[in-house]
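Structural overview for review
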Amino acid sequence: EKSQDCMYLQYCKVCQSYKAPRSHHCRKCNRCVMKMDHHCPWINNCCGYQNHASFTLFLLLAPLGCIHASFIFVMTMYTQLYNRISFGWSSVKIDMSAAKRDPRPIIPFGLSAFAASLFALGLALGTTIAVGMLFIIQMKVILTNKTSIESWIEEKAKDRIQYYQTGETFIFPYDMGSKWKNFKQVFTWSGIPEGDGLDWPVRDGCHQYSLTIEQLKQKADKRVRSVRYRAVEDYSGVCCPVTKGVKTFFTTPCTEEPRIALSKGDLILATRGLKHWMYGEKILDLAADGGLRERGWFPRKCVEKCQYDSETDQPVDGEKKNR
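An unreviewed UniProt entry lists the protein under the name Palmitoyltransferase, with Gavia stellata as the source organism.

We now examine the UniProt feature "transmembrane region" (unreviewed entry) in the protein. Under the UniProt annotation, the feature "transmembrane region" (unreviewed entry) is placed at residues 57-78 and 106-137. Between the first and last C-alpha atoms of residues 57-78 the distance is 32 Å; the span itself is 100% helix and 0% strand.

A separate point is empty space enclosed by the protein. For the structure shown, the criterion picks out two cavities of 30 Å³ or more. Each pocket or cavity is described by its volume, and for the largest cavity that value is around 60 Å³. Of all the secondary-structure elements, those providing two or more residues to the lining of the largest cavity are helix H1 (52-82) and helix H4 (179-186). Per-class residue counts for the lining of the largest cavity are five nonpolar, four polar and two charged. Of the voids in this model, the second largest cavity is the one considered here, and its volume is about 40 Å³.

So, on to a nonpolar patch on the surface. Together, Phe-71, Ile-72, Val-74, Met-75, Tyr-78 and Tyr-82 make up an exposed nonpolar region whose accessible area comes to about 610 Å². Residue placement: Met-75 occurs in helix H1. For Met-75, a relative accessible area of 36% corresponds to the partly exposed category.

With that settled, the discussion passes to the packing of helix H2 (residues 111-143) against H4. Close contact between H2 and H4 brings their axes to 8 Å; oriented N to C, the two are set at 110°. If you check the angle between H2 and H4, you find them roughly perpendicular. Of the residues in H4, those in contact with Met-139, Ile-142 and Leu-143 of H2 are Lys-179, Asn-182, Phe-183 and Val-186. When the residues that make up the contact of H2 with H4 are grouped by side-chain class, the tally is five nonpolar, one polar and one charged.

The rules behind these values
Residues numbered from 1 in each chain as written. Predicted model: local features only at pLDDT ≥ 70, side-chain atom pairs only at ≥ 80, totals over all residues. Heavy atoms only, no water. UniProt positions renumbered as here; feature names shortened; annotations may be inferred. Helix = DSSP H or I, 4+ residues; strand = E, 2+ residues; numbered from the N terminus. 1 Å grid on protein atoms, 1.4 Å probe; cavity = no way out; pocket = protein on both sides within 12 Å on 5 of 7 lines; lining within 4 Å. Points joined across faces, edges and corners; volume = space filled by probe spheres on them. Nonpolar A, V, L, I, M, F, W, Y, C, P; charged D, E, K, R; others polar. Patch = residues over 30% accessible without salt bridge, like charges linked within 9 Å, V, L, I, M, F, W, Y side chains within 5 Å. Areas by Shrake-Rupley, 256 points an atom, 1.4 Å probe, with all protein chains shown as cover. Salt bridge = Lys/Arg side-chain N within 4 Å of Asp/Glu carboxyl O. Buried < 20%, exposed > 50% of the residue type's maximum accessible area, 1.4 Å probe, protein only. Axes fitted to C-alpha atoms, helices over the stretch in contact; angles between N-to-C directions. Parallel < 35°, antiparallel > 145°, perpendicular 65-115°, else oblique. Contact = heavy atoms within 4.5 Å.

See below:
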């Protein structure tokens, strides 16, 4: 509504528009998502403002359904094995061919059915543990009125302030100070979240653009601390390159972030790195400052640091802290 507020907002080059506060661009959905938490491959959609409550309920109900299924599997195997076990003086024998005490089994239970039930029990218990942990993580961020991305932004804000010793104090603006108030921001009786996804209530001492201003500071810091590299070898952009060495092949980053193809002579601004891999932006257009750039991982052995680095001469952010 106020054009001067654009200076506090991030600009999405893909969508060609300004991002609303708490919004982020999703590469999979190819659009900006309001209050984006993450992209979930299991629901083939982003978890954000409109469906955060539904997704969290899914994380609760899926383990409960698996616990119910586990109970059925355990009782089924117990009942069927109880009818087939004969206790002798020196050994215990199991007859899986026919029931001894129940001549009319409702469901034939042979060796294959027992193996399938045991396998399904393992899947149910594994899903209960894995999805249950995701539910606990989601509830932790919801009770502080954050998303997974915003928790990472807050952590980077603390690292930035500590690195430069600016004496700032970053206060997360959307935490209402009460877990119940934060809970009601996501869960409502109608199922429709509060607000419109654009304007959010903020705590005292903060304003609507406190988080976006911090994000702009972090992006500026990333540009300052980035290092310019030049590609000395071609790289096709495959996930696990065979021709770049055994260590590069087996230490490929375990992340959904993309790889970028390199041709000899390409310029890349590296922002973080691992021992055998680096992450950065390939400069596609040098005609103007802030030209189009393609982001992704690439093997470290394919590049070398430029002798004249117009961005900075400081080490790559991430060599100090390999996350």
